[in-house]
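Understanding the architecture of this molecule
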Amino acid sequence: MKEIKHYINGQYVGSANGKLFDNVNPVNGKVIAKVHEAGRDEVDAAVKAARAALKGPWGKMTLDERTRILHKVADGINDRFDEFLEAECLDTGKPKSMASHIDIPRGAANFKVFADMVKNVPAESFEMATPDGSGALNYAVRRPKGVIGVISPWNLPLLLMTWKVGPALACGNTVVVKPSEETPTTTALLGEVMKEAGVPDGVYNVVHGFGGDSAGAFLTAHPDVDGFTFTGETGTGEVIMKAAAKGIRDISLELGGKNAGLVFADCDMDKAIEGTMRSAFVNCGQVCLGTERVYVERSIFDEFVARLKAEAEKLRIGPPDDDKANFGPLVSLKHREKVLSYYQKAVDDGATVVTGGGVPDMPEEYAGGAWVQPTIWTGLPDDSAVITDEIFGPCCHIRPFESEEEAIELANSLPYGLASAIWTENVSRAHRVAGQIEAGIIWVNSWFLRDLRTPFGGSKQSGIGREGGVHSLEFYTEMKNVCIKL
Ligand SMILES: NC(=O)c1ccc[n+]([C@@H]2O[C@H](COP(=O)([O-])OP(=O)(O)OC[C@H]3O[C@@H](n4cnc5c(N)ncnc54)[C@H](O)[C@@H]3O)[C@@H](O)[C@H]2O)c1
Ligand SMILES: O=C/C=C/C=C(\O)C(=O)O
């Protein structure tokens, strides 16, 4: 059986404690690899290697050399596109048609975009007067933050990990990555690409394992890590924030959401249906930006529900290799248990199940997989846990609203504030509503349309800080002001 090892100081190494855990294919429940679980020793070795590389070749490299190497990393991902695609789809079960358009290309783009960006960011300077009349000049320079701990989730594994590693390395930092225990493979494979591209040993390190009392906790407790960037659940974010407080380490947190879609009667219904379909069901609903609460203006409510139901029932469930399939399984049976508990809760709370609500019949070979039906509800009270909790499954609840004010109030009613989608052809309304929604990312007549130069992150309990564009550079560098008395 294939083994997935840590990548430390440019070498693949196993765990000294001999602990291995299963990597399971969610399409059929079969074990596809055994993964080494890091103990404190491996985490310590990875942090030491990262510190040494920072002081060594990586820290001494010119910006030109560094960014040229990062372009080679991007090219290396593209050269081995099929291997990355296969690995990502085995770990997650997601359709190849999706991963080949989103996950893998973004894995490469995350290196290119930030490599180019760091070369083009101006520094500040201020001239000032002094009492003696000679004046002074201030200028700011950016320096790498240091060793960065990267902790990433399973839903878009390569995309979300490289979204952090790309800018971190472009800014001259070194990293220790702890990928999700559910999806270790592409993060491990990237080590080979780093080596081939000429990234010095110790710059990119990977330790595998779980969160609490395992690699994740050991990494966040390690005193020689200078900052942490984390994407995952809000509750985990709180734990990591506490760990980072020890030693006053900086954090960037991209956390959970319970995003609202607002559909106004003046929308283009075709666009609203297409976008809401994607936002509720793509990646089997496992996208932090996804819409689990859909609010629709009363006059078009019945038509919208009927059309979304018709489209959801056209989704084709199947494994990654099925070219026609656009809907895969959830990431694991454990996650399915959670999603199904909300499907049950919806019924208990009096929902009308418009479509789905259970587990689809699958052929024998996929019976052990984490399959679940795309599901739409109406009729739930606003305080049902189905409406207030992030489910992270292929489901949404649709509720009518009477006025713009009510729609905004409903959208803002939860402690999350990650993303929102507004569907209207009225430009004034679009600006007005976008201005009042409490979320870090607002899409108007679109969803998950990404320009990597833009600020990305959540407000309220959906995160702290922004990544993307210069905001990533803000987090991954320390600014230093030099004041020269003339
Ligand atoms: N805001 C965003 O940009 C964004 C993007 C994608 C996913 N998410 C969120 O991620 C969640 C789904 O991902 P998940 O289930 O993998 O999240 P998770 O929080 O369970 O795990 C994320 C990572 O944290 C690690 N971890 C868990 N406990 C830890 C601990 N005590 N110390 C250190 N590390 C620990 C895990 O092993 C994993 O690598 C959802 O809530 C989703 O909304 C947010
Ligand atoms: O599941 C969450 C998706 C996050 C997407 C990004 O971080 C991105 O597109 O950069």
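Residue indices follow the written sequence of each chain, beginning from 1 at its first position. Chains and ligands are labelled sequentially in the order written, the chains with letters from A and the ligands with numbers from 1. With the structure being a predicted model, the display of local features is reserved for residues of pLDDT at least 70 and the display and counting of side-chain atom pairs for 80 or more, all residues being used for whole-chain, interface and lining totals. Processing note: side-chain calculations cover all non-hydrogen atoms of the structure and skip hydrogens and water entirely.

In plain terms, the rule: UniProt positions are given in the numbering used here, feature names are shortened, and annotations may be inferred rather than shown by experiment.
Its UniProt record gives the protein a comment under Sequence similarities (unreviewed entry), which states: "Belongs to the aldehyde dehydrogenase family."

1. What about the site of ligand 1?
Heads up, the condition is: Being near a molecule or strand, for a residue, means having at least one of its heavy atoms within 4 Å of it. The definition of a polar contact used here is a pair of N or O atoms within 3.5 Å, where within protein one atom must be able to donate a hydrogen and the other to accept one, and adjacent residues in sequence count solely through side-chain atom pairs. Shrake-Rupley sampling with a 1.4 Å probe provides the accessible areas, and residues are treated as covered by the protein chains on show and by no other component. Under the scheme used here, helices are H or I runs from DSSP no shorter than 4 residues and strands are E runs no shorter than 2 residues, and both carry numbers assigned from the N terminus. Note that the domain bounds were set by an automatic or database domain assignment.
Taken together, 30 residues are adjacent to ligand 1, and Lys178, Glu181, Thr236, Leu255 and Glu390 come closest. Within the backbone of glutamate 233, an N or O atom sits 2.9 Å from an oxygen atom of ligand 1. Compared with its free state, where it exposes 850 Å², ligand 1 has 92% of that area covered by protein. Taken together, the elements giving at least two residues each to the shell around ligand 1 come down to helix H9 (215-221), strand E11 (227-231) and helix H10 (234-245). With three residues, H10 is the single largest residue contributor to the shell around ligand 1. Structurally, the shell around ligand 1 is a two-domain feature, drawing no fewer than three residues from each of domain 1 (3-255 + 462-485) and domain 2 (259-451).

2. Some details on helix H1 (residues 40-55)
Stated formally: To estimate how far a helix should extend, the number of its residues minus one is multiplied by 1.5 Å. Per-residue accessibility, obtained with a 1.4 Å probe over protein chains only, is compared with the maximum for each type, and a residue is labelled buried under 20%, exposed over 50%, and partly exposed between these values. In this description, contact between two residues means that some pair of their heavy atoms is separated by no more than 4.5 Å.
Across its 16 residues, H1 extends 23 Å between first and last C-alpha, which sits within 8% of the 22 Å expected from 1.5 Å per residue. Residues of H1 that are buried include every one of Glu42, Val43, Ala46, Val47, Ala49, Ala50, Arg51, Ala53 and Leu54, and no others. Residues of H1 that are buried make contact with strand E2 (6-8), helix H2 (57-60), strand E8 (147-151), strand E9 (174-178), strand E10 (204-206) and H9.

3. Some words on the environment of threonine 183
For threonine 183, the location among the structural elements is in the loop between E9 and helix H8 (185-197). Placed 29 residues apart in sequence, threonine 183 and tryptophan 154 show a C-alpha to C-alpha distance of 5.5 Å. Ignoring anything within four residues of it in the chain, the contact list for threonine 183 reads Asp91, Thr92, Pro153, Trp154, Pro157 and Val331.

4. Remarks on the pattern of salt bridges
Heads up, the rule is: The term salt bridge refers to a side-chain nitrogen of Lys or Arg lying within 4 Å of a carboxyl oxygen of Asp or Glu.
Using the criterion set out here, one finds 34 salt bridges in the structure. The salt bridge partner of aspartate 321 is lysine 96, with a shortest N-O separation of 2.8 Å. Taken together, the residues aspartate 321 in the loop between helix H12 (298-312) and helix H13 (333-348) and lysine 96 in helix H5 (residues 96-99) connect sequence positions 225 residues apart. Taken together, the shared-partner salt bridges in this structure form one network comprising Arg80, Glu83, Glu192 and Glu196.

5. Some remarks on the site of ligand 2
Around ligand 2, the neighbouring residues are Arg106, Asn155, Leu156, Leu159, Leu160, Trp163, Val287, Cys288, Leu289, Phe448, Arg450 and Phe456. One of the backbone N or O atoms of cysteine 288 is found 2.8 Å from an oxygen atom in ligand 2. At a separation of 2.7 Å, an oxygen atom of ligand 2 approaches a polar side-chain atom of arginine 450. Look at ligand 2: alone it shows 300 Å² of surface, and the protein chains cover 99% of it. Tallying contributions element by element places helix H7 (residues 157-170) first for the shell around ligand 2, with three residues. Of the domains in this structure, domain 1 (3-255 + 462-485) and domain 2 (259-451) are the two that each give at least three residues to the shell around ligand 2.

6. Observations regarding the UniProt feature "domain: Aldehyde dehydrogenase" (unreviewed entry) in the protein
Within this numbering scheme, the UniProt entry marks residues 15-482 as carrying the feature "domain: Aldehyde dehydrogenase" (unreviewed entry). As annotated, residues 15-482 has a helix share of 40% and a strand share of 21%, and its two end C-alpha atoms lie 45 Å apart.

7. What about the UniProt feature "active site" (unreviewed entry) in the protein?
UniProt's entry tags Glu254 with the feature "active site" (unreviewed entry), counted in the numbering of this structure. In this structure, glutamate 254 sits in strand E12 (residues 250-254). Those residues within four positions of glutamate 254 in sequence are excluded, and the remaining contacts are Trp163, Lys164, Phe230, Thr231, Gly232, Phe456, Ser462 and Glu467. A polar side-chain atom of glutamate 254 sits 3.5 Å from a polar atom in the side chain of tryptophan 163.

8. Quick look at the packing of helix H3 (residues 63-79) against helix H6 (residues 103-118)
Just so we agree on the cut-off: Helix axes use the C-alpha atoms of the stretch in contact, all axes being lines fitted to C-alpha atoms, and the angles between their N-to-C directions lie in the range 0 to 180 degrees. An angle counts as roughly parallel when it lies under 35 degrees, as roughly antiparallel when it exceeds 145, as roughly perpendicular when it falls between 65 and 115, and as oblique in every other case. Crossings are assigned a handedness: left-handed for a near helix turned anticlockwise from the far helix by less than a right angle, right-handed for a clockwise turn. Any residue outside Ala, Val, Leu, Ile, Met, Phe, Trp, Tyr, Cys, Pro, Asp, Glu, Lys and Arg is labelled polar, Gly included; the first ten of those are nonpolar and the last four are charged.
It is at 8 Å that the axes of H3 and H6 come closest, and there the two elements cross at 165°. Compared by their axis directions, H3 and H6 come out roughly antiparallel. In this structure, the crossing between H3 and H6 has a hand that is left-handed. Contacts between H3 and H6 pair Leu63, Thr67, Leu70, His71, Val73, Ala74, Asp75, Ile77 and Asn78 from the former with Ile104, Gly107, Ala108, Phe111, Lys112, Ala115, Asp116 and Val118 from the latter. Each residue belonging to the contact of H3 with H6 can be placed in one class, and the counts come to ten nonpolar, four polar and three charged.

9. A short note on the domain arrangement of the protein
It is common to give the size of an interface as the accessible area that goes away when the parts come together. What counts is decided by this rule: Once two parts are put together, the accessible area they lose, assessed with a 1.4 Å probe and summed over both, is termed the buried area.
When cut into domains, the protein gives domain 1 (3-255 + 462-485) and domain 2 (259-451). Inter-centroid distance (C-alpha atoms) of domain 1 to domain 2 is 31 Å. On the side of domain 2, 31 residues touch domain 1, which itself brings 25 residues to the contact. Between domain 1 and domain 2, roughly 2,100 Å² of surface is buried when both sides are summed, and carbon and sulfur atoms account for 58% of that area. Sorting the residues of domain 1 by area buried against domain 2 places Val27, Trp154 and Ser462 first, and these three jointly supply 27% of that buried surface.

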